[in-house]
Amino acid sequence: MKHALFSNARLHLLQRVLSPLLHYLLLTLIAVICVFPFWWTLVVALSTKGNTFAFPPAFWPQGVALDNFAEVFRVIPILAFYKNSILITLLTVAGKLVICSMAAYPLSRMQFRGRRLIIGVVLLTMVLPSEVNFLVNFISMTRLGLVDTYTAVVLPNLVTAVSILLLKQAFDEVPQDLLDAARVDGASEWTVFFRIVLPLIAPWLATVGILTAVEAWNEYIWPSIVIAKPEDFPLSAGVLYLRGTYGSSTRVIAAGTILTVAPILVAFLFTQRFFMRGMDGAVK
């Protein structure tokens, strides 16, 4: 009997030790898989010698220098591309937060005929890839006379099903008694929306804003279609000129890629706590 109890205690202790260890090993493996492409690109961008496509790949830069980054600044107007990307990203984030929050609020807090049908249609749009909308959006922008403008880049991206559903979930979490108390005190629906509800769902708004910023910053297919002037391209599309100019210089292309990814990566590192708070509330 004592031997059985001792064996069970050892087994329980072993499980307590191995379970966190396996958990952290799995997380470490996932982190390495996610970080390795960025790290390899950085190594290539900083290297000035060695075989870029050697196998196994080099894990540390060889002949470290910033020549490749300097070449990017020399060949393309990257500062202008940065300005264009920042402007497009800010307009997209601001517009999406306003429109999607105003679309999600009635779906969450108001009862009207056809409400379930609208929610179902919003869900169905998630099945379609965004690329299927390019033709329709381009025809619409052409007829509106918006081609070759930033408005044409921003407008089709202001409403997405994911943002509406995420904000609807946020509005669902707001206590109904709080809203009823505000209405009894004479607050209008607009006052309830802007001064009570929106401040309460700030973490969810931050999450939608971060996701939108990443998406808008990295978008290159649609801006390449709707913008004709190269000087008006955002950074993600403008860097593609390195592929034509330096088709054989992988290091310069890697440097341009790092310059494209680095700003949004740094911004995400500083805002990740807001993102995690919003996603935690969405999961609940």
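Note that residues are indexed from 1 along each chain, following the sequence as it is written. Thresholds applied to this predicted model are a pLDDT of at least 70 for local features of residues and 80 or more for the giving and counting of side-chain atom pairs; totals over whole chains, interfaces and linings are not thresholded and use all residues. Just so you know, side-chain values use all the structure's heavy atoms and leave hydrogens and water out.

**Here's the deal with the overall build of the protein chain**
Here a helix means four or more residues in a row that DSSP labels H or I, a strand means two or more in a row labelled E, and each is numbered from the N terminus. Looking only at helices and strands, one finds 14 helices and zero strands in the protein chain. Helices and strands in the protein chain line up, N terminus first, as α-α-α-α-α-α-α-α-α-α-α-α-α-α. Put simply, the protein chain has 284 residues, and 33% of those count as buried. Residue contacts are defined here by distance: any two heavy atoms, one from each residue, within 4.5 Å place the two residues in contact. Considering only contacts within the protein chain whose residues lie at least 6 apart along the sequence, 71% involve residues at least 24 apart. Here the open area of atoms and residues is found with the Shrake-Rupley method and a 1.4 Å probe, where only the protein chains shown may cover a residue. Accessible surface computed for the protein chain: about 17,500 Å², of which carbon and sulfur atoms make up 69%. The classification of residues rests on relative accessible area computed with a 1.4 Å probe and restricted to protein chains. Under 20% of the type maximum is buried, over 50% is exposed, and intermediate values are partly exposed.

**Some details on the layout of surface pockets**
A cavity here means a set of points on a 1 Å grid, drawn over the protein atoms and nothing else, where a 1.4 Å probe fits but cannot get out; a pocket is an open set with protein on both sides within 12 Å along at least five of seven lines, and a residue lines either one if it has an atom within 4 Å of a point. Grid points are joined across faces, edges and corners, and a volume is the space filled by probe spheres set on the points. The computed volume of the largest pocket comes to approximately 690 Å³. The wall of the largest pocket is formed by 27 residues, among which S130, N133, V159, T160 and A161 lie closest to the centre. Counting residues per element, the ones that place at least two in the lining of the largest pocket are helix 5 (134-143), helix 7 (161-172), helix 10 (202-218) and helix 11 (221-226). The leading source of residues in the lining of the largest pocket is helix 7, at five residues. As a working rule, the residues Ala, Val, Leu, Ile, Met, Phe, Trp, Tyr, Cys and Pro are called nonpolar, Asp, Glu, Lys and Arg charged, and the rest polar, with Gly in that last group. Taken together, the residues that form the lining of the largest pocket break down as 15 nonpolar, eight polar and four charged.

**Points about empty space enclosed by the protein**
Within the structure shown, the criterion is met by three cavities of 30 Å³ or more. In this model, the second largest cavity occupies a volume close to 50 Å³. What lines the second largest cavity is simply S85, I88, T92, V153, N157, A216, E219, P223 and P234. The element best represented in the lining of the second largest cavity is helix 3 (residues 78-109), accounting for three residues. In terms of residue class, the lining of the second largest cavity is made up of five nonpolar, three polar and one charged.

**A few points about a nonpolar patch on the surface**
Patches in this entry comprise residues that are over 30% relatively accessible and not in a salt bridge; like charges within 9 Å are linked, as are nonpolar side chains (Val, Leu, Ile, Met, Phe, Trp, Tyr) within 5 Å. By definition here, a salt bridge exists when the distance from a side-chain nitrogen of Lys or Arg to a carboxyl oxygen of Asp or Glu is within 4 Å. There is a patch of nonpolar side chains on the surface, built from Y24, L26, L27, L29, I30 and I33 and spanning about 610 Å² of accessible area. Relative to the helices and strands, I33 is located in helix 1 (residues 2-46).

**Things to note about the UniProt feature "transmembrane region" (unreviewed entry) in the protein chain**
UniProt positions are given in the numbering used here, feature names are shortened, and annotations may be inferred rather than shown by experiment. Here, UniProt's "transmembrane region" (unreviewed entry) annotation points to residues 21-40, 86-105, 117-138, 150-171, 192-214 and 252-270. Helix and strand shares over residues 86-105 are 100% and 0% respectively, and the end C-alpha atoms of the span are 28 Å apart.

**Remarks on helix 2 (residues 67-75)**
Those residues of helix 2 that sit buried are N68, F69 and V72. Down the axis of helix 2, the buried side of the element spans an arc of 105°, and every buried residue falls inside it. Turned more than 90 degrees off the buried face of helix 2, the exposed positions are D67 and R74. Taking the helix axis as origin, the arc is that swept by the directions to the C-beta atoms.

**Let's talk about the packing of helix 4 (residues 115-124) against helix 7**
It is the contact of helix 4 with helix 7, at a shortest axis distance of 9 Å, that shows an interaxial angle of 135°. One element, helix 4, and the other, helix 7, form an angle in the oblique class. When helix 4 is examined against helix 7, the residues R115, I119, V122 and L123 are found in contact with a partner set consisting of A161, L165 and K168. Taken together, the residues that form the contact of helix 4 with helix 7 break down as five nonpolar, no polar and two charged. Only C-alpha atoms enter the line fits that serve as axes; for helices the fit covers just the stretch in contact. Angles between N-to-C directions range over 0 to 180 degrees. Note on angle classes: values under 35 degrees are labelled roughly parallel, values over 145 roughly antiparallel, values of 65 to 115 roughly perpendicular, and the remainder oblique.

**Some details on the packing of aromatic side chains**
Between 30 and 60 degrees the pair is tilted, below 30 it is stacked and above 60 it is edge-to-face, where a pair is any two Phe, Tyr or Trp rings, Trp via its six-membered ring, whose centres lie within 6.5 Å. Overall, the coordinates contain eight aromatic pairs when judged by the stated rule. Taken together through their ring pairs, the aromatic side chains of Y105, F171, W190, F193 and F194 make up a single cluster.

**Quick notes on the environment of P156**
Checked against the element boundaries, P156 lands in the loop between helix 6 (150-154) and helix 7. It is 9.2 Å that separates the C-alpha atoms of P156 and F134, two residues lying 22 residues apart in sequence. With sequence-adjacent residues up to four places away left out, P156 is seen in contact with N137, T151 and W222.

**Let's talk about the pattern of salt bridges**
Think of it this way: side chains of opposite charge can pair up when their charged atoms draw near. Throughout the structure, instances matching the rule amount to five salt bridges. D172 is paired through a salt bridge with K168; the nearest N and O atoms lie 3.1 Å apart. One end of the pair, D172, and the other, K168, are both in helix 7, four residues apart, so they sit about a helical turn from each other. A single network of salt bridges, built from pairs that share partners, joins D180, R183 and E189.

**Examining unusual backbone geometry**
A negative phi holds for most residues other than glycine; trans holds for most peptide bonds. Phi at D148 is positive, roughly 70°, even though this residue is not glycine. Structurally, the position occupied by D148 is in the loop between helix 5 and helix 6.

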